[in-house]
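Single-letter residue listing:
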Amino acid sequence: MHSSRSRRQGRHDQRVAVIGLGRFGMSLSHELMRGGWEVLGVDADEKLVQRHSDALTHAAVADCTDAETLRQLGLPDFPKAVVAIGSAVEASILVTSLLLDHGVPTVWAKAISRQHGRILERLGAHHVVLPEHEMGERVAHLVTGRMLDFIPFDEHYALAKTVAPSVATGRPLGRTRVRTAHGVTVVGVKRPGGRFTYATADTVIEPGDVIIVTGETAAVEAFANLG
C-alpha cells in the first residue's frame, strides 16, 4: 500500500485521490496525470490496482468504506477527492460521507442514476457527475481548475466557460491582447444575473463576468487558471 501524505498548502497542492479505478476513474486519472497532478488511485480490486499502478503516482488496494483505512491512506489530507466507484451504490454513498466527515475540501462523486445523484447531493458532495453525460477527460479539467465547464473538440482544441481572469477585464477586449498574449479567443460574456452575449473587440469585461473562451487545450487551461 502506497500513499502520499505530504502536506502542501494552497493552490500548489496538486493531489487528487481517485477512489474506484474502473473505466471512468482511469479516464479521469490519466487526464489528471497528463495535466501534472499527483494521483492516488484506490480500489478494492487487487487486479485492477495492479493493472493500473504504473500509470498512477501512487496506487493502493483498500476498502475505503472503512474509516480507519481511509485515515491510513491519508485521504483526509487531500484537497480533492473523486469517488468513482462503479455500481456499488452503498459503497459510493458511504465513502462520500466519510470523506465529507473528514473535511476533504472538495469531493466529486460519480452517480449511476439521477436518484443516486440526488442522494450524493443531499450528503453534501460538492459536485456530482453522471458519467454517461460527463466524460472523464472533461471532469478532470473541472476538478483541477477554475473552469465552470470544459468541452474538448479534439486532442488539441477546446472550449471553456470560466470566471474572467483579471488580465481580460477593465478594457475593451481588442486592447487586452488576450489572443496574442495567451493564445485564446473570448467568444462570449455573461454579466452576473444576465445572459450570454457575443464578445467583440469593443466588449469590456468586468470582474466577476463569466466568459467563454476557445483555443488550443493547453492555452485554454492556462488562461482559465490565471485568476
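Our structure is the block above this text.
Residues numbered from 1 in each chain as written. Predicted model: local features only at pLDDT ≥ 70, side-chain atom pairs only at ≥ 80, totals over all residues. Heavy atoms only, no water.

## As for the sheet that holds strand β3 (residues 58-61)
As summarised here, the arrangement of the six strands in space is β3-β2-β1-β4-β5-β6, forming an open sheet in which the pairing is parallel. Single-partner strands in this sheet number two, and they are β3 and β6 (127-129). Adjacent strand axes in the sheet meet at a mean angle of 15 degrees, parallel and antiparallel pairs treated alike. One ladder, built from four bridges, connects strand β1 (residues 15-19) with strand β4 (residues 80-83); its direction is parallel. Along β4, the bridge assignment pairs V16 with K80. (Pairing = 2+ DSSP bridges. Helix = DSSP H or I, 4+ residues; strand = E, 2+ residues; numbered from the N terminus. Axes fitted to C-alpha atoms, helices over the stretch in contact; angles between N-to-C directions.)

## Quick word on the pattern of salt bridges
Under the definition given, this model contains four salt bridges. Between E68 and R71 there is a salt bridge, with its nearest N and O atoms 2.9 Å apart. Within this pair, E68 and its partner R71 are both found in helix α3 (residues 67-72), separated by three residues, close to a single helical turn. A salt bridge links R191 to D209, with the nearest nitrogen and oxygen atoms 2.2 Å apart. Here D209 lies in the loop between β10 (197-198) and β11 (210-216) and R191 lies in the loop between β9 (184-190) and β10, a separation of 18 residues in the sequence. (Salt bridge = Lys/Arg side-chain N within 4 Å of Asp/Glu carboxyl O.)

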